[in-house]
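Reading the structure
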Amino acid sequence: MIPEHIRVKAGAITHLTDARYFAAMGVYWLGIDIDSLAHPVQEYQEIKDWVEGPIILPESTQYSQSDWEEFLGFVPCELIQCSKLMDITTPQIVTSSHPTESRAHTLVSVPDVSTLDAWRASPAASHMIVDITALPLDLLTVDQITGWAGIQICGSDEEKLGYKSYDELDDFFERLEE
């Protein structure tokens with residue numbers, strides 16, 4: 001299991017294989033990419049019903065204020081992830097291209113390890129969830145991924161229905177446990 005002081009968000013989840021894997025690994029948040037689902041409300045609810053443990057949240061870069069209001073009318077959520085801060089009562093993670101001061105957590109994609117190290121010194125670091133998906137997981141140290149509100153690792157396509165190799169992620173999660 002992932003140590004409590006390291007909050008991991010599994011993002012861009014589109015299928016049950018990833019959802020079950022990341023939930024079993026003990027991630028704190030599990031983000032389901034509703035933009036890529038044919039029937040967002042139904043498919044989100046189906047995945048949510050299959051997993052336990054993490055805070056499960058819908059993610060969208062395309063939803064407007066009214067889209068979110070409609071979605072949340074069908075599926076009440078503890079948290080959502082959106083492309084800009086919405087005027088709704090549901091707590092939010094907001095995606096951004098750079099660190100920002102915000103009342104919400106900010107999800108920022110990190111292009112390289114030197115940027116990760118530089119952003120750690122930012123006063124906004126404690127409100128940032130850094131997406132480390134593009135970084136070489138085998139080279140990251142535990143020190144580099146602590147001090148944030150959380151880190152994100154994204155799901156990916158299945159090799160075939162119901163099958164996928166998680167060897168690289170298994171190694172990463174094992175190092176977090178040490």
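Structure: above.
Quick look at the structure, then. Quick caveat: nothing in here was measured; it's all calculated off a predicted structure.

1. Examining the packing of helix α1 (residues 16–25) against helix α5 (residues 167–177)
Geometry of a packed helix pair, given as the angle between the helix axes and the separation of the axes. In contact at an axis separation of 12 Å, α1 and α5 are set at 15° when each is read in the N-to-C sense. As the angle between them shows, α1 and α5 are arranged roughly parallel. Remark: the crossing between α1 and α5 carries right-handed chirality. Of the residues in α5, those in contact with Tyr 21, Phe 22 and Met 25 of α1 are Leu 169, Asp 170 and Phe 173. Classifying every residue of the contact of α1 with α5 by side-chain character gives five nonpolar, no polar and one charged.

2. Details of the pattern of salt bridges
Evaluated as defined, the whole model comprises two salt bridges. Close ionic contact of Lys 9 with Glu 59 constitutes a salt bridge, the shortest N to O distance being 2.3 Å. Here Glu 59 lies in strand β3 (residues 55–59) and Lys 9 lies in strand β1 (residues 8–13), a separation of 50 residues in the sequence. A single burial state applies to Lys 9 and to Glu 59, both of which are buried. The partner of Asp 18 in a salt bridge is Lys 164, and the shortest N-O contact between them spans 2.7 Å. One end of the pair, Asp 18, is in helix α1; the other, Lys 164, is in the loop between β8 (150–154) and α5, with 146 residues separating them in the sequence. For the pair Asp 18 and Lys 164, one class covers both residues: buried.

3. Let's talk about the packing of aromatic side chains
Counting across every chain of the model gives ten aromatic pairs. Pairing Tyr 28 with Trp 29 gives two aromatic rings, centres 4.8 Å apart and planes at 85°, and the pair type is edge-to-face. Residue Trp 29 is classed as buried on the basis of its relative accessible area of 3%. Here Trp 68 and Phe 71 contribute two aromatic rings whose centre-to-centre distance is 6.1 Å and whose plane-to-plane angle is 85°, an arrangement assigned as edge-to-face.

Cut-offs applied
Residues numbered from 1 in each chain as written. Predicted model: local features only at pLDDT ≥ 70, side-chain atom pairs only at ≥ 80, totals over all residues. Heavy atoms only, no water. Axes fitted to C-alpha atoms, helices over the stretch in contact; angles between N-to-C directions. Helix = DSSP H or I, 4+ residues; strand = E, 2+ residues; numbered from the N terminus. Parallel < 35°, antiparallel > 145°, perpendicular 65-115°, else oblique. Left-handed = near helix turned anticlockwise from the far one by under 90°. Contact = heavy atoms within 4.5 Å. Nonpolar A, V, L, I, M, F, W, Y, C, P; charged D, E, K, R; others polar. Salt bridge = Lys/Arg side-chain N within 4 Å of Asp/Glu carboxyl O. Buried < 20%, exposed > 50% of the residue type's maximum accessible area, 1.4 Å probe, protein only. Phe/Tyr/Trp six-rings, centres within 6.5 Å; stacked < 30°, edge-to-face > 60°.

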